[in-house]
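Structure at a glance
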Amino acid sequence: MPKDNPLTIGQLTRYIGRKFDADPYLSQRNLWVVGELTDYRPSSRHQYFAIKDDTEGLAPKDQYKIKAVMFQSAFAKVPFDLENGMKILVRGRVAVYPNRGEYQLYVEQLEEVGTGSLQVAFQQMYQKLKAEGLFDLPKRSIPPFPKRVAIVTSNDAAVKHDMITTFRRRNPLIQLVFYPTKVQGNDAAPMIARQIKRVNETGNFDTLIVARGGGSRGDLWPFNEEVVGRAIAASEIPVISSVGHETDTTIADLAADDRQATPTAAAVKASAWELVEIKAELKRSQLELINGIQAKLKLANQTLRHLRESYPLSQPERLIERPLQQVDDLKMRLIQFQVHRLQAKHEQLQQLDHRLQLQSPVNGVKRNQLQLQHLVANLKQVSQLDILQRSQWVRNLVGRLDALSPLKVLERGYSYATRDNQVISAQQLQPGDQLNLHFYDGNAEVTVDKVRKED
């Protein structure tokens, strides 16, 4: 900057801070630093200390140190106490503290040297299995009403006692089968995998629990082994993993169908429903079933009552009222058609006769007589042919009409009433009327005593 436009201390500090924030290696919280813990004074909240190079074999001018801060939320996850001189491995980011114009390390994770190699191994194993899709397999739900539960754990009396007590308190009907195994040491992982395989070979379990109490990362390492992760992923029985503390995450947790913080929590998850809750749920389902059946029976009874009250069943005679009326209409139309047809022919004949009389000079009498005879013969022939066709058509209609005739109905035991040769209904009757009842094989004269009319 020019001399006549100098920077303030705040401007310079903010500029340097932006440089740190823009550096992808220093600001992404993935910077790992190893060194010796120094200048540490325990605090009830945030922890302030420094990290320096190992002074052994280094000249004073080559000994470097950086200040560091670890906030309370991150420090709460450290499972051991800090001491000056301890070799540590930390992960965090580097940024400028503007009030003092100093850069410092903001620590997110802190481990003892030696533990960091386990973290690297864990990340490598995690990336390998994740690339194979082992952690992306569909997670199966834990059965809510298990009959038999297999538990792969150590012979630790505390863990077994807590799980047995939890199962017996929640549902004593569940059968527990323990498959003891080592949960710590170099030969623990193959033994855990074998026990998981044995449980699946038995095949009559509803749920499998893989459990271990708390411990350091090194103690929990067998559950980060590839053989254990693959055994859990290959299990045909749903697996609940409860390894270490709630803050610990292992390969076994990622491969399992369900993860719980403690063995007791796994027992609660596996027994999902307490026996008292199961009985209450069965009672509620029984009441719902009874109410549902009663509702269906009520609806069926209403439907049956509606069918009984419908007119096809209560008044079957109404079913033939319309067909009978249609037969009467067809009969009247047939008679009217024949009358109109004969009238038309008669008028046509009269017109021809009139024209014949008008055209009867003496000279053309014979010719006209011959022509008249010829026309009369043709007319008779056409009339006879038409009459024959009409007669056949009438006979067909009569046959169809006879099929629909009320007499066919009368043969089945029905009758109808007339007064003065007219068919009447109940709406036209009065007490004392004289009626004629027509049956299939005769009729009878009756007197009406009482009339019951319906709409």
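Use the structure listed above.
On a predicted model such as this, the values are computed, not experimentally measured, just so you know. (Residues numbered from 1 in each chain as written. Predicted model: local features only at pLDDT ≥ 70, side-chain atom pairs only at ≥ 80, totals over all residues. Heavy atoms only, no water.)

1. Considering the packing of helix α12 (residues 321-358) against helix α13 (residues 365-403)
Where α12 contacts α13, the two axes come as close as 12 Å, and the packing angle between them is 175°. On the basis of their axis angle, the class for α12 and α13 is roughly antiparallel. Along the contact surface, α12 presents V327, K331, L334, F337, Q338, R341, L349 and L356, while α13 presents L372, L379, D386, R390, W393, V394, L397 and L401. Of the residues belonging to the contact of α12 with α13, the class tally is 11 nonpolar, one polar and four charged. (Axes fitted to C-alpha atoms, helices over the stretch in contact; angles between N-to-C directions. Helix = DSSP H or I, 4+ residues; strand = E, 2+ residues; numbered from the N terminus. Parallel < 35°, antiparallel > 145°, perpendicular 65-115°, else oblique. Contact = heavy atoms within 4.5 Å. Nonpolar A, V, L, I, M, F, W, Y, C, P; charged D, E, K, R; others polar.)

2. A few points about the side chain of R170
Secondary-structure assignment places R170 in helix α5 (residues 157-170). Residue R170 is classed as buried on the basis of its relative accessible area, which comes to 9%. Within polar-contact distance, the side chain of R170 engages the side chain of S271 at 2.8 Å. (Buried < 20%, exposed > 50% of the residue type's maximum accessible area, 1.4 Å probe, protein only. Polar contact = N/O pair within 3.5 Å; in protein donor to acceptor, adjacent residues only side chain to side chain.)

3. Some words on helix α1 (residues 9-22)
Between its first and last C-alpha atoms α1 spans 20 Å; for 14 residues at 1.5 Å apiece the expected length is 20 Å, and the two agree. Every buried residue belonging to α1 is among T13, G17 and F20, and all of these are buried. What you see down the axis of α1 is that its buried residues fit within an arc of 55°, all on one side. In α1, the exposed positions angled more than 90 degrees off the buried face are occupied by R14, R18, K19 and A22. (Expected span 1.5 Å × (residues − 1). Arc of directions from axis to C-beta.)

4. So, the pattern of salt bridges
In total, this model carries 12 salt bridges according to the counting rule given. Across the salt bridge formed by K65 and D39, the nearest N and O atoms sit 3.1 Å from each other. Placement of K65 in strand β3 (residues 65-70) and of D39 in the loop between β1 (31-38) and β2 (47-52) is noted, with a sequence separation of 26 residues between them. Under the relative-accessibility criterion, D39 is labelled partly exposed at 38%. Of the charged contacts, one joins R390 and D386 as a salt bridge, the two residues approaching to 3.7 Å between their closest N and O atoms. Of this pair, R390 and D386 are both found in helix α13, four residues apart, which corresponds to roughly one turn of the helix. The exposure class of R390 is partly exposed, given its relative accessible area of 26%. (Salt bridge = Lys/Arg side-chain N within 4 Å of Asp/Glu carboxyl O.)

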